[in-house]
Amino acid sequence: MSVFAKNKIFSFFMIAGLAAPLMGAMADTAQIPLYYWDNQSGLVSASHCTTVPLEETRFKISNYFGNKSSDTENLRNRNGVRQSHLVNGSLVKAIDGARKSNYEYVEVVGVNEGSDVSTTRWFSERLDKGYLFDRSIDPIEDYVLKINSKDSDLKFPGLDEQKVDGTYWKVLADQHYLALNCSDLEKGRDYLVFHVYNKEKSEGPIARVGVYWDETNIFGSLETMKTEKAMEFLPTLRQDDRLDLVMQETELEAVEGTHSGPKTALEGEEVENTEIDEEMEVAPSPEMLTDETLNKDTDAEQAEVPVMTGVNNVVCISGSTLNVRDESLDKVLFTARKGEKIKVFQGWGDNEKETVIGGKTHKFVRVEFAEREESDQVIGWVSDEFINTKEDCAYTNGSVIERDSSTTISGIDDPKCCEFPTVKKVTHSFTSGMRRFKAGRSSGKRLHAACDLYRYKDEPIMAVAPGSVVRDRYYFYQGTYALEVRHSGGFVVRYGELTGKNVSGVSKGRSVKMGDRLGFIGVVNSGCCRPMLHFELYSGKKKGALSQPKANRFQRRSDLMDPTPYLLRWQSEKF
Amino acid sequence: MNTNKKISLIALVLVLIAAGGYFAMSSAPDVKINEEIPEQGKQKEEVEVTDMDNSSTPEVAAAAANNSFVSTTNYDDQSAREAFIESSLQKIPENERESLLFFADTLSEFTAEEAKMEQLLDKLKSKNIEPFVMKDENAYTGSMEVVRTQKVIPGTRYFHAQYFSDGSSENREKTLQHMSFEFRPGENSFNGVKAAFMKTFGLTGKPVLEKDGFVSWKKGPYTLWINTQSKEDMANDPFNAYDDKDVGTIRAAVELEIHDHQAPVFHAPLEEE
């Protein structure tokens, strides 16, 4: 046998010997189901996708860095003022914002519920934003996340009743992370791949899930722990934490070509738009009303003005999700879920299109889903047949989800009542100057009907007592908003001069507990005044509109009360 | 006193001065990094508050309003006001001008005490912009009826009116709390809307407050304001949809007054509790 041949044979066995465990590993990882997370649709199969290297991720874990030990770190505003305490081990994401030396601007994705710290209203919550000391930030790959899903129905599709709740999620990272590469997903979105484990299956991960940093509902409730601690009950973590093996799988898939199978689990759910998907002939946009059309003769019998119940529109469908399309109406951009708040564009630009499908004209409108975490799936086109107010929609039940309001009070004079509505003490006294109740306005013709509690813009405000939201945000004053709450015992508070930003779970009819966030402090667009909470208090003995310009010098309902003594008491008890 | 004693005395005085300075510095409060620092320094400044109604010149009033902004509109002179209104409106395309004046006139008309919501609906219907009402009612704070329109007229959009009343009882009186509309962004848009307000409301006096991109007046219990909307102004609006191209939209509104028509006080002094 020639030397050349011997070398060849030797090389073959060497490669085979080295490759065998690799092939075994690749075979194993190739069997792990792949998904991605969508806030509206949940876990979606990504079996047609591949994984590619990712250099950086926005996901990080908070910690404490300093001379003393602490279970929390301060989340601050740009001026360095502490806004809240962030529990160590919380999942955060780096977001774009004004730079601050030695700090990173982050948003809280999920607070670590595994900590022994008893959280109060001064603690950071999911979606809070602020500046975190950059040395108090750890890489996500150093931790394992345990998902505590509040949705008991959340399961891995195709994984035999495997619930998401109680699973352990780990980012594997060596020289780089992994991200999903799917032809049907929006370009520019990095779906960071997590390996998912459970304690029962000891052979390795049960699934891999790609999560986009701007769609993170799945992490709303979680616990975190250091990887070393998780290895005590997830021994496969030790060997799995070698990314080079997983990367070999990616290259193999690229060589083998694309996968077959359904592109998305949504295909079976596109019930609402199957008819509209057929034969779309896009008609020219209807012309805006012009001089020629404005003055044309109208019907002798003028149409009645439609009256709807409720002031906010939602997606009104019998199914669970609705396709949201691009401007051509040919391509589905993303999905919206039933009951999701929706706003319709009006005015200049192209905001309406008509299509003829099967001889019937359908009107599509441009819409905005403003209350979404993901900022790149907010605007699209839907058929206006699927838009209605929540109260008028036959498919969204109007039932109120009652939360635990075990801290009931008998009224505003109950010793257990109440909570001062701002996170910290006011910066200016509300008992003097123009901020006090009954201060003269309009040269004394009118009296101030509230106490103005000065704090900082975008700070949360709290419900002073348990109660129920009776009116959600409406235009109040110079670009700010108000909402109205009827509290236990019957007294009513109007919380005014808020920003429009919604607190998840706060809407008309929802119950709130004492200390629950209701909204955020705003500032009027004239710049006349500092950011404040405009706090109006009513005994509840009267009914009807709170603002009544002809009623009295306060121009308010007659059961208006002076909130000053109550606020002083609550303030001294809280601070 | 001999020379040596003089020198000793001078040296002693110098030492005492140095020692005094050292102790003064060492007793200054530590400013800790990352501690909450109230704005005491700023708030102890004395700031002159100007009564806008009584200010002698628009320049003084406007300068007090924003420390630097000086309006280019001469409110004192009738012919100058009229010239401003005329020239500003002429810069708006005719079809948009008509829409603008329609809505400015609507805001003016319906801030009158005797104006009724039903009349508003009739007026909007006559313009074929298909008004509709969204009703929000509860047993504790009565009814809020929101009037909006299905259609738009050139250059404008998002007409919105909020009426409050005592709920479902018959013949209940409805109070207008807010009415607004938007005009498209553009170089001449702000002045165009301002001119439309001055014309339709018959505003002859100086604004209560004016700064770059914002102006407000007072009419009875209402404040009239016009704002050039920034991205932040439009964020989280529960009623209107926006995208980035809408920055610069002009919002014009009438609202029941909450604060007062006075110059902004940027740094009110901290008061002792």
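Residues numbered from 1 in each chain as written. Chains lettered and ligands numbered in written order. Predicted model: local features only at pLDDT ≥ 70, side-chain atom pairs only at ≥ 80, totals over all residues. Heavy atoms only, no water.

Chemist: Could you give an account of the overall build of chain B, naming the residues involved and the relevant values?
Modeler: Helix and strand counts for chain B stand at eight helices and eight strands. Burial status across chain B gives 49% buried among its 273 residues. In chain B, 57% of the contacts between residues at least 6 apart in sequence involve partners at least 24 apart. When the accessible surface of chain B is totalled, it reaches about 13,400 Å², and 51% of it is carbon and sulfur. (Helix = DSSP H or I, 4+ residues; strand = E, 2+ residues; numbered from the N terminus. Buried < 20%, exposed > 50% of the residue type's maximum accessible area, 1.4 Å probe, protein only. Contact = heavy atoms within 4.5 Å. Areas by Shrake-Rupley, 256 points an atom, 1.4 Å probe, with all protein chains shown as cover.)

Chemist: Could you give me a rundown of the pairing of strand E31 (residues 467–477) of chain A, with the residues and numbers involved?
Modeler: All names here are of chain A. With ten of eleven residues buried, E31 is to be regarded as a mostly interior element. Where E31 meets strand E32 (residues 480–487), seven bridges bridge the pair, whose relative direction is antiparallel. Across the sheet, Arg471 pairs through a bridge with Glu484, a residue of E32. Connecting the antiparallel pair E31 and E32 is a turn made up of two residues, with Gln478 showing a positive phi of about 45°. For E31 and strand E34 (residues 511–512), the ladder comprises two bridges, and the chain directions are antiparallel. Among the inter-strand pairings, Gly467 is bridged to a residue of E34, identified as Val512. (Pairing = 2+ DSSP bridges.)

Chemist: Tell me what's going on with the packing of aromatic side chains, and back it up with residues and numbers.
Modeler: Residues and elements named next belong to chain A. Scanning all chains against the criterion turns up 29 aromatic pairs over all chains. Look at Phe420 and Phe575: their rings are 5.8 Å apart centre to centre, the planes differ by 75°, and that puts the pair in the edge-to-face class. One end of the pair, Phe420, is in the loop between strand E26 (387–389) and strand E27 (440–441); the other, Phe575, is in the segment after helix H7 (564–574), with 155 residues separating them in the sequence. The exposure class of Phe420 is buried, given its relative accessible area of 0%. (Phe/Tyr/Trp six-rings, centres within 6.5 Å; stacked < 30°, edge-to-face > 60°.)

Chemist: Explain the interface of chain B and chain A to me, using residue names and the numbers behind them.
Modeler: On the chain A side, the residues contacting the 88 residues of chain B number 86 residues. For the pair chain B and chain A, the summed buried area comes to about 7,600 Å², and 51% of that belongs to carbon and sulfur atoms. If you sort the residues of chain B by the area they bury against chain A, Tyr140(B), Ile258(B) and His259(B) come out on top, with a joint share of 11%. In this structure, the connection of chain B to chain A is made through five salt bridges. Close ionic contact of Lys550(A) with Glu173(B) constitutes a salt bridge, the shortest N to O distance being 2.8 Å. Here chain B is connected to chain A by 35 residue pairs in polar contact (both at pLDDT 80 or more). Of the residues belonging to the side of chain B that touches chain A, the class tally is 34 nonpolar, 26 polar and 28 charged. Relative to strand E1 (residues 131–138) of chain B, strand E18 (residues 307–309) of chain A is paired through three bridges, and the arrangement is parallel. By the bridge assignment for E1(B), Val307(A) is matched with Val133(B). (Buried area = accessible area lost by both parts, 1.4 Å probe. Salt bridge = Lys/Arg side-chain N within 4 Å of Asp/Glu carboxyl O. Polar contact = N/O pair within 3.5 Å; in protein donor to acceptor, adjacent residues only side chain to side chain. Nonpolar A, V, L, I, M, F, W, Y, C, P; charged D, E, K, R; others polar.)

Chemist: I'd like a description of the sheet that holds strand E4 (residues 175–183) of chain B, backed by residues and values.
Modeler: Overall, mixed pairing links the nine strands, which are arranged E18(A)-E1(B)-E2(B)-E3(B)-E4(B)-E8(B)-E7(B)-E6(B)-E5(B) in an open sheet. Pairing within the sheet leaves two strands with one partner each, and these edge strands are E18 of chain A together with strand E5 (209–211) of chain B. Pairs of neighbouring strands in the sheet enclose a mean axial angle of 15°, with direction left out of account. Docked against the sheet, helix H5 (residues 94–110) of chain B engages strand E3 (156–165), E4, strand E6 (214–219) and strand E8 (250–256) of chain B, running at close to 170° with respect to E4(B). Its contacts with the sheet place helix H6 (residues 117–126) of chain B against E1, strand E2 (142–149), E3 and E4 of chain B, and it is angled at close to 15° to E2(B). (Axes fitted to C-alpha atoms, helices over the stretch in contact; angles between N-to-C directions.)

Chemist: An account of helix H4 (residues 78–90) of chain B is needed here, citing residue identities and associated values.
Modeler: Residue and element names in this part refer to chain B. Taking 1.5 Å per residue, 13 residues should reach 18 Å; H4 reaches 18 Å between its end C-alpha atoms and fits that length. Every buried residue of H4 is listed here: Arg81, Phe84, Ile85, Ser88 and Leu89. Down the axis of H4, the sector holding all buried residues measures 115°, keeping them to one side. Buried residues belonging to H4 abut H5 and helix H7 (189–201). (Expected span 1.5 Å × (residues − 1). Arc of directions from axis to C-beta.)

Chemist: Give a detailed account of the confidence of the model for chain B, specifying residues and quantitative values.
Modeler: Residues and elements named next belong to chain B. Looking at chain B as a whole, its pLDDT mean stands at 79, while 74% of the residues score no less than 70. Every residue in residues 27–67 is under pLDDT 50, and counting partners more than four places away or in other chains gives 51 contacts. In the predicted structure, residues 261–273 sits below a pLDDT of 50 and forms 38 contacts with residues beyond four places in sequence or in another chain. If you check the scores for this complex, the pTM reads 0.76 and the ipTM reads 0.75. (pLDDT = per-residue confidence, 0-100.)

Chemist: Before we move on, can you summarise H7(A) with the specific residues and values?
Modeler: The α-helix advances 3.6 residues per turn, and as a result positions three or four apart in sequence lie on the same side. Residues and elements named next belong to chain A. Thr564, Tyr566, Leu567, Trp570, Gln571 and Lys574 are the residues of H7 that are buried. Looking down the long axis of H7, one finds its buried residues gathered within 160° of arc, a one-sided arrangement. Lining the buried residues of H7 we find strand E29 (451–454), strand E30 (460–462), strand E36 (532–538) and strand E37 (560–561).

Chemist: Hey, could you go over the environment of Arg189(A) for me, with residue numbers and the actual values?
Modeler: All names here are of chain A. Tracing the backbone shows Arg189 in the loop between strand E13 (177–181) and strand E14 (191–197). Assessed through its relative accessible area of 5%, Arg189 is described here as buried. Sequence-wise, Arg189 and Glu385 are 196 residues apart; in three dimensions their C-alpha atoms are separated by 31 Å. Filtering out sequence-adjacent residues up to four positions away, Arg189 remains in contact with Tyr212, Glu215, Glu374, Asp376 and Gln377.

Chemist: Account for the environment of Asn217(A), with residues named and values stated.
Modeler: Residue and element names in this part refer to chain A. Turning to its location among the elements, Asn217 is positioned in the loop between strand E15 (207–212) and strand E16 (222–226). With relative accessibility at 37%, the residue Asn217 sits in the partly exposed group. Separated by 108 residues in the primary sequence, Asn217 and Val109 have C-alpha atoms spaced 8.1 Å apart. The residues touching Asn217, leaving out its near neighbours within four places in the chain, are Trp37, Asn39, Arg126 and Glu373. At 2.8 Å, the side chain of Asn217 and the side chain of Arg126 are in polar contact.

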